[in-house]
Amino acid sequence: MPDKATLERARQDKREGKAPSTQAGEFIREEMHHIREGKHGARSAKQAVAIGLSKARRAGVKLRPPERGTASEQTRKSAERDYEKGQHSHRSRPSMRRSRATLHALQSEGRQAASHTALSRQVRSSARQRSSAARSAAARRAARTRAR
């Protein structure tokens, strides 16, 4: 379950008309914070980001699952399931057993996944997969939002 502050920050982003990926960024930020403070670990920066995205989808952020062919079938199915769960208001309580098992599994993982080096490496590798035009367009969009 995400912290109340995280949910509020994501709602604030939505009110300001920011993109779903920006809203989801709040959940990823929370996940990195959990890893850094020692609540649990992660196998890689990629896994830490995936946990954050899953939480965001389940919390109701309208972040579409990846298209067919862009991610593995298992990832896609998982994202679709999370997205559907978040879009319906009926919420059943999460299984305590499953939650505890997940937490115990993550507690045995390392804490290096949330290090600045690991995040930098992950961001650079994912940026490298994008086309030059896409990177340029993203930079142009970012420049437009820069404070004057």
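Scroll up to find the structure.
Residues numbered from 1 in each chain as written. Predicted model: local features only at pLDDT ≥ 70, side-chain atom pairs only at ≥ 80, totals over all residues. Heavy atoms only, no water.

Tracing the sequence through the fold places Ser115 in the loop between α5 (96-107) and α6 (116-128). Relative accessible area serves as the criterion here: at 19%, Ser115 is assigned to the buried category. Here Ala118 takes part through its backbone nitrogen, which lies 3.1 Å from a polar atom of the side chain of Ser115. (Helix = DSSP H or I, 4+ residues; strand = E, 2+ residues; numbered from the N terminus. Buried < 20%, exposed > 50% of the residue type's maximum accessible area, 1.4 Å probe, protein only. Polar contact = N/O pair within 3.5 Å; in protein donor to acceptor, adjacent residues only side chain to side chain.)

Before going further, it helps to examine the packing of helix α2 (residues 20-37) against helix α3 (residues 45-58). One way to put it is that α2 packs onto α3 with a least axis distance of 8 Å and a crossing angle of 130°. Considering the angle they form, α2 stands oblique to α3. The hand of the α2/α3 crossing is right-handed. Facing α2, whose interface residues are Ala24, Phe27, Ile28, Glu30, Glu31, Met32, His34 and Ile35, α3 presents Ala45, Ala48, Val49, Ile51, Gly52, Leu53, Lys55 and Ala56. Its residues assigned to classes, the contact of α2 with α3 shows 11 nonpolar, two polar and three charged. (Axes fitted to C-alpha atoms, helices over the stretch in contact; angles between N-to-C directions. Parallel < 35°, antiparallel > 145°, perpendicular 65-115°, else oblique. Left-handed = near helix turned anticlockwise from the far one by under 90°. Contact = heavy atoms within 4.5 Å. Nonpolar A, V, L, I, M, F, W, Y, C, P; charged D, E, K, R; others polar.)

With that settled, the discussion passes to the nonpolar core. Ranked by size, the top nonpolar core spans 10 residues in total: Ile28, Met32, Ile35, Ala42, Ala45, Ala48, Ala113, Ala114, Ala118 and Leu119. At the level of elements, α2, α3 and α6 are the ones that each hand at least two residues to this core. Ranked by the residues each element gives to this core, the list is headed by α2, at three residues. The residues touching Ile28, leaving out its near neighbours within four places in the chain, are Val49, Gly52 and Leu53. In this structure, Leu7, Ala10, Ala56 and Val61 belong to the second largest nonpolar core, which totals seven residues. (Core = buried A, V, L, I, M, F, W, Y, C linked by side-chain atoms within 4.5 Å.)

With that settled, consider the pattern of salt bridges. Under the definition given, this model contains 12 salt bridges. The partner of Arg11 in a salt bridge is Glu8, and the shortest N-O contact between them spans 3.9 Å. With Arg11 and Glu8 both in helix α1 (residues 4-15) and three residues apart, this pair spans about one turn of that helix. By relative accessible area, which is 48% here, Arg11 ends up partly exposed. You can call Glu8 partly exposed: its relative accessible area is 37%. Close ionic contact of Arg43 with Glu109 constitutes a salt bridge, the shortest N to O distance being 2.6 Å. Here Arg43 is found in the loop between α2 and α3, whereas its partner Glu109 is found in the loop between α5 and α6, with 66 residues between them in sequence. Assessed through its relative accessible area of 66%, Arg43 is described here as exposed. (Salt bridge = Lys/Arg side-chain N within 4 Å of Asp/Glu carboxyl O.)

This next bit is on the packing of α1 against α2. Packed helices, taken two at a time, are described by the angle between their axes plus the distance between the axes. Contact geometry of α1 with α2 gives a least axis separation of 8 Å together with a crossing angle of 160°. By the angle between their axes, α1 is roughly antiparallel relative to α2. The two elements α1 and α2 cross, and the hand of that crossing is right-handed. Seen from α1, the contacting residues are Thr6, Leu7, Arg9, Ala10, Asp13 and Lys14; seen from α2, they are Thr22, Gln23, Glu26, Phe27, Arg29 and Glu30.

This is a description of form; function is not addressed.
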